[in-house]
Amino acid sequence: MGNCNMVCGKKKRTPKGHIVVYVGEEMRRFVVPISCLKNPQFQQLLEEAAEVYGFHNGYGGIILPCTQTTFFRVINFDQTHTTRKLSNSMGK
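On a predicted model such as this, the values are computed, not experimentally measured, just so you know.

**What to know about the overall build of the protein**
Here is step 1 of the chain: The helix and strand inventory of the protein stands at two helices and four strands.
Here is step 2 of the chain: A total of 92 residues make up the protein; the buried ones form 32% of that total.
Here is step 3 of the chain: Here the contacts in the protein between residues at least 6 apart in sequence split such that 54% fall between residues at least 24 apart.
Here is step 4 of the chain: Of the roughly 6100 Å² of accessible surface on the protein, a fraction of 54% belongs to carbon and sulfur atoms.

Structure, rendered in structure tokens:
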């Protein structure tokens, strides 16, 4: 399972295997790997995004209805969960 490392920045072509999300009041753009879709907390944010903003919002990405702090916590949870799972599978 991959981790949820993200890239932020200006609009560019989205790399294969990634999605674009916009977060916070500033609508900061982040490019996250699709492996984040396995994260239950990230899935919850996507469900809330669909309810609040819909999927056709004109941004070319998904607007997540949360603060950057919350977004970073969700992404960090996924990285921690992935690391723990890998450590357990290696007998550590």
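**Details of the packing of aromatic side chains**
Here is step 1 of the chain: One pass over the full model with this rule turns up three aromatic pairs.
Here is step 2 of the chain: Between the aromatic rings of Phe30 and Phe71, the centroid separation amounts to 5.0 Å while the plane-to-plane angle is 40°, which identifies the pairing as tilted. Of the two residues, Phe30 is situated in strand β3 (residues 28-33) and Phe71 in helix α2 (residues 68-89); the sequence distance between them amounts to 41 residues. Here Phe30 and Phe71 have matching classes, each one buried.
Here is step 3 of the chain: With 5.7 Å between their ring centres and 90° between their planes, Phe30 and Phe72 make a pair best called edge-to-face. One end of the pair, Phe30, is in strand β3; the other, Phe72, is in helix α2, and 42 residues separate them in sequence.
Here is step 4 of the chain: For Phe72, a relative accessible area of 34% gives the class partly exposed.
Here is step 5 of the chain: By way of ring pairs, the aromatic residues Phe30, Phe71 and Phe72 are connected into one cluster.

**Some points on the nonpolar core**
Here is step 1 of the chain: In this structure, Val21, Val23, Val32, Phe42, Leu64, Cys66 and Phe71 are the most contacted members of the largest nonpolar core, which totals 15 residues.
Here is step 2 of the chain: When contributions to this core are tallied by element, the ones reaching two or more residues are β2 (18-23), β3, α1 (40-52) and α2.
Here is step 3 of the chain: Here this core takes four residues from α1, the largest share from any one element.

**Brief notes about α1**
Here is step 1 of the chain: Given a rise of 1.5 Å per residue, 13 residues ought to cover 18 Å, and the 18 Å separating the end C-alpha atoms of α1 matches this to within 8%.
Here is step 2 of the chain: Those residues of α1 lying buried are Phe42, Leu45, Leu46 and Ala49. One face of α1 carries all of its buried residues, which in axial projection span an arc of 100°. The outward face of α1, more than 90 degrees from its buried face, is lined by the exposed residues Pro40 and Glu51.
Here is step 3 of the chain: Between a side-chain oxygen at the N-terminus of α1 and the backbone nitrogen of Gln41 the separation is 2.7 Å; the capping residue is Asn39.
Here is step 4 of the chain: After α1 finishes, the residue Gly54 shows a positive phi value of roughly 75°.

Analysis parameters
- Residues numbered from 1 in each chain as written.
- Predicted model: local features only at pLDDT ≥ 70, side-chain atom pairs only at ≥ 80, totals over all residues.
- Heavy atoms only, no water.
- Helix = DSSP H or I, 4+ residues; strand = E, 2+ residues; numbered from the N terminus.
- Buried < 20%, exposed > 50% of the residue type's maximum accessible area, 1.4 Å probe, protein only.
- Contact = heavy atoms within 4.5 Å.
- Areas by Shrake-Rupley, 256 points an atom, 1.4 Å probe, with all protein chains shown as cover.
- Phe/Tyr/Trp six-rings, centres within 6.5 Å; stacked < 30°, edge-to-face > 60°.
- Core = buried A, V, L, I, M, F, W, Y, C linked by side-chain atoms within 4.5 Å.
- Expected span 1.5 Å × (residues − 1).
- Arc of directions from axis to C-beta.
- Polar contact = N/O pair within 3.5 Å; in protein donor to acceptor, adjacent residues only side chain to side chain.

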